[in-house]
Amino acid sequence: MAQLDLRKKLSVLADAAKYDASCASSGTSKRDSKGGKGLGSTEGMGICHAYTPDGRCVSLLKILLTNFCIYDCVYCINRASSNVQRARFNVDEVVELTLNFYRRNYIEGLFLSSGIIRSGDYTMEQMVLVAKKLREEHDFRGYIHLKLIPEADPKLVEQAGLYADRLSANVELPRDEAMGRFAPQKDVGVIKKAMADVRRSVEAARPQKKDRARPPKFAPAGQSTQLIIGADGAPDTEIIDRSAALYGGYGLRRVYYSAFSPIPDSSAALPLSKPPLMREHRLYQADWLMRFYGFSPPEIGEATTGGMLDLAIDPKLAWALNRRERFPVNVNTAAREDLLRVPGLGVKSVNRMISIRRYRTLRLEDVARLCRGIDKVRPFITALDWTPGGLTDAVDLRARLVPEPKAVQLSLF
Ligand code: SF4
C-alpha cells in the first residue's frame with residue numbers, strides 16, 4: 001500500500017472520527033501553564049467548544065489513530081469490509097500533531113479514538129502511549145479524551161484514566177439485542193464491565209475527608225458514551241430509558257446522541273435513510289430535562305406519541321400540553337419543581353423568581369422580565385395580576401403556541 005503523507009493521513013483520520021459525537025470537554029479539573037511550566041491549559045479562556053452545523057465539536061483535535069479495523073460493525077464506515085481509504089498514525093505523529101495544533105491555537109485538546117488493530121490490548125496500549133508521552137514527556141496540560149477499547153486489559157484502562165481527562169466507551173445501540181445483529185464481535189457485557197470499572201476508579205479517586213494524601217487523579221471529567229439513533233428501531237422512550245439507566249448505573253457525565261447516517265455499501269439490515277436531525281435535538285432536550293429539571297423517564301414518556309418525541313415542539317411544552325391538569329401554577333407559591341415544569345421557564349429564571357418572591361409578590365411583567373418569551377409561559381401560570389382563565393385548557397392552545405411549519409420544497413428524488 002502506498003505510504004500517505006501526514007496531511008493526507010490527517011484528512012482521512014479526522015474525517016473517519018466525525019461519526020463520534022461524544023467529545024465535549026466540560027467538567028475537567030483546572031490546570032494551567034502559568035509560571036512557564038508545561039504547555040496548555042484547561043482554564044483561563046478555558047476549553048471552548050465550536051460546533052459544526054451538524055452539532056459536532058471541533059475545538060479538539062478529533063482523530064482516529066487508525067481507521068483499519070478487524071471488527072465488522074455494520075453501521076460503521078471503518079468496518080473491516082468497508083471499501084474506504086485506510087490510514088494509520090504512529091504514536092509520535094499524533095503527539096506532534098497535537099502539540100503543533102495546540103501551539104497554533106487551533107485546538108484546546110485531543111480526542112483520540114481508533115479502529116481495533118491486531119487486538120483490543122494492542123490498540124489501547126498505543127492510545128495510552130500517546131497520552132503518556134503528551135503528559136510525561138511534553139508536560140501537556142490541555143484536555144485529553146480517550147476512547148476506551150472495552151475488551152482491553154483493565155490495567156490499560158486504569159493507565160488511560162491516569163492520563164486522560166475523560167474516558168468513553170460507546171454503547172452505540174440502544175437495544176442490547178441489536179448488538180448481536182449489527183456488531184457481532186462486540187459484547188454488551190464487556191462494554192458494561194469496562195464502564196463499571198471506570199466508575200469505580202473515578203469514585204476511588206475522589207478525595208475523602210479522612211484521606212491524608214490525595215489519591216491519584218483518574219479521568220477527572222468522568223466518562224461518557226454515545227447512542228446511535230435510528231439504526232436499531234428503538235423508539236425515543238426506549239432510548240431515554242436506556243440513557244437514564246446509563247446515567248444511574250455508571251455515573252456517566254453525558255450520553256451523546258448521534259443520528260445514524262447511512263454509509264456506503266451498508267448492510268440491508270440498516271435503514272436506508274437517516275432519521276431527521278431534529279430527532280437528535282429533541283432527545284438532547286429530553287436528556288436535559290432529566291438531568292436538570294427533575295423529569296423522570298416515565299414523565300418524558302408523557303411527552304411522546306407512540307413512543308416518539310414531537311419534532312415540532314420541545315418536550316417540555318409537549319409534556320405540559322398533555323398534562324394540563326398540573327397547570328396553572330402560582331409563581332408566588334409553587335414549589336421549585338413545579339415551576340421548573342412550566343414551558344418557557346429555565347433553571348436560572350426559576351431561581352431568580354424564587355429569590356425575588358421572598359420580598360415581593362410577582363406580577364406577570366416580573367415574570368416576563370425573567371424569561372425569554374412570556375407568550376409560552378402565560379397559559380401555564382398565575383401571578384398577582386394574571387390568571388389564564390380558560391386559556392390553559394383551550395383546545396387550540398398548541399396551535400396558538402406553535403408557529404406554522406414552513407413550506408418545504410419536496411425533493412424530486
Ligand atoms: S470496532 Fe469501532 S471502528 Fe471497528 S467497526 Fe466497530 S465501530 Fe467501527
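Residues numbered from 1 in each chain as written. Predicted model: local features only at pLDDT ≥ 70, side-chain atom pairs only at ≥ 80, totals over all residues. Heavy atoms only, no water.

### Considerations on the overall build of the protein chain
And then number 1: Counting secondary structure elements, the protein chain contains 15 helices and 10 strands.
And then number 2: The buried share of the protein chain, taken over its 413 residues, is 52%.
And then number 3: Relative to all contacts within the protein chain whose residues are 6 or more apart in sequence, the contacts with residues 24 or more apart total 67%.
And then number 4: Within the structure as shown, the protein chain displays about 20300 Å² of accessible surface, and the carbon and sulfur contribution to it stands at 53%. (Helix = DSSP H or I, 4+ residues; strand = E, 2+ residues; numbered from the N terminus. Buried < 20%, exposed > 50% of the residue type's maximum accessible area, 1.4 Å probe, protein only. Contact = heavy atoms within 4.5 Å. Areas by Shrake-Rupley, 256 points an atom, 1.4 Å probe, with all protein chains shown as cover.)

### Topic: the pattern of salt bridges
And then number 1: Tallied over the full model, the rule gives 24 salt bridges.
And then number 2: Between Lys-133 and Asp-92 there is a salt bridge whose closest N-O contact spans 2.8 Å. Of the two residues, Lys-133 sits in helix 3 (residues 120-137) while Asp-92 sits in helix 2 (residues 91-103), which places them 41 residues apart along the sequence.
And then number 3: According to the relative accessible area criterion, Asp-92 is partly exposed, its value standing at 42%.
And then number 4: Of the charged contacts in the structure, one is a salt bridge between Arg-398 and Asp-310, with a shortest N-O distance of 2.5 Å. Note that Arg-398 is positioned in helix 15 (residues 397-401) and Asp-310 in the loop between strand 8 (308-309) and helix 10 (315-322), a separation of 88 residues in sequence.
And then number 5: By relative accessible area, Arg-398 is classed as partly exposed at 33%.
And then number 6: Look at Asp-310 and you get partly exposed, because its relative accessible area is 22%.
And then number 7: If you follow the salt bridges from partner to partner, you end up with Asp-176, Lys-192 and Arg-242 in one network. (Salt bridge = Lys/Arg side-chain N within 4 Å of Asp/Glu carboxyl O.)

### Remarks on the packing of aromatic side chains
And then number 1: In the structure shown here, the tally under the stated rule is 7 aromatic pairs.
And then number 2: Aromatic pair Tyr-102 and Phe-140: ring centres 5.3 Å apart, planes at 90 degrees, arrangement edge-to-face. Remark: Phe-140 occurs in the loop between helix 3 and strand 3 (143-147) and Tyr-102 occurs in helix 2; sequence separation between them is 38 residues.
And then number 3: When the centroid spacing of 5.1 Å and the interplanar angle of 80 degrees are considered together, the rings of Tyr-257 and Tyr-284 count as edge-to-face. Pair noted here: Tyr-257 is in strand 6 (residues 254-259) and Tyr-284 is in helix 8 (residues 277-292), with a separation of 27 residues, a long-range link.
And then number 4: Each member of the aromatic cluster is reached from another via a ring pair, and the members are Phe-295, Trp-319, Phe-327 and Phe-380. (Phe/Tyr/Trp six-rings, centres within 6.5 Å; stacked < 30°, edge-to-face > 60°.)

### Examining helix 3
And then number 1: The end-to-end C-alpha separation of helix 3 is 25 Å, in line with the 26 Å expected for 18 residues at 1.5 Å each.
And then number 2: Remark: Asp-139 follows helix 3 within two positions and exhibits a positive phi of approximately 50 degrees. (Expected span 1.5 Å × (residues − 1).)

### As for the nonpolar core
And then number 1: In this structure, Tyr-75, Leu-112, Met-124 and Leu-167 are the most contacted members of the largest nonpolar core, which totals 117 residues.
And then number 2: Among the elements that take part in this core, helix 2 stands out by supplying 7 residues, more than any other. (Core = buried A, V, L, I, M, F, W, Y, C linked by side-chain atoms within 4.5 Å.)

### Section: the environment of Pro-388
And then number 1: Residue placement: Pro-388 occurs in the loop between strand 10 (381-382) and helix 15.
And then number 2: The class for Pro-388 is buried, based on a relative accessible area of 7%.
And then number 3: Placed 60 residues apart in sequence, Pro-388 and Pro-328 show a C-alpha to C-alpha distance of 7.6 Å.
And then number 4: In this structure, Pro-388 is in contact with Pro-328, Arg-378, Pro-379, Ile-381 and Thr-382, ignoring residues within four places of it in sequence.

In short, geometric facts, not functional conclusions.
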